[in-house]
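Here is what each chain is made of, one letter per residue.
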Amino acid sequence: MADEQKIVVEVPSDRGYSPVTSTAELSKLEEFKKGWADAIALPDNLLDLAYQLASTVAIPALLSSCWVNIPIPWFIRLGVMGMLGMAGFVVIYLQQAVPEVKDILLFRVGLVAVGVLLGI
């Protein structure tokens, strides 16, 4: 009985036949959303939380301080600006595609902005 095939039934609609949607596609989408939510979520451990919050502020502060104080060639500055633009696009896409991470994503972007301002 384990060799039985699944039967897909097409249900007629007003404009003809419409195929039944597969639940495998929905589960992959849910896995995608859950993966991003897990990646962006804050850790439960207090020491890991302190480390992540401190690094989220300190690393952008260090980079923006170097950006202001070290003479960097224009083509490197242009490349960094391009990468920042792509990162901003990814943040906007994630905010729209995965609404579950909207609040924590906004919090993390705010911490990065504080770090950049501290470095300047």
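Keep in mind the model is a prediction, meaning the values are calculated, not measured.

Observations concerning the overall build of the protein
Of regular secondary structure, the protein possesses four helices and two strands. The N-to-C order of helical and strand elements in the protein reads β-β-α-α-α-α. The 120 residues of the protein split such that 12% are buried. Within the protein, counting contacts between residues at least 6 apart in sequence, those at least 24 apart form 64% of the total.

Considering the confidence of the model for the protein
Per-residue pLDDT for the protein averages 84, and the proportion of residues at 70 or more is 83%. For the protein, per-element mean pLDDT is lowest for strand β2 (residues 16–18), which scores 56, and highest for helix α2 (residues 46–69), which scores 92.

Quick word on the packing of aromatic side chains
With the rule as written, the count across this model stands at one aromatic pair. Seen from their ring centres, Trp-74 and Phe-75 are 6.1 Å apart, and the 90° between their planes marks the pair as edge-to-face. Residue classification places Trp-74 among the exposed residues on the basis of a relative accessible area of 65%. Of note, Arg-77 hangs over the ring of Trp-67, and the distance from its end group to the ring centre comes to 4.6 Å.

Reading the values: the criteria
Residues numbered from 1 in each chain as written. Predicted model: local features only at pLDDT ≥ 70, side-chain atom pairs only at ≥ 80, totals over all residues. Heavy atoms only, no water. Helix = DSSP H or I, 4+ residues; strand = E, 2+ residues; numbered from the N terminus. Buried < 20%, exposed > 50% of the residue type's maximum accessible area, 1.4 Å probe, protein only. Contact = heavy atoms within 4.5 Å. pLDDT = per-residue confidence, 0-100. Phe/Tyr/Trp six-rings, centres within 6.5 Å; stacked < 30°, edge-to-face > 60°. Lys NZ or Arg CZ within 6 Å of the ring centre and 35° of its normal.

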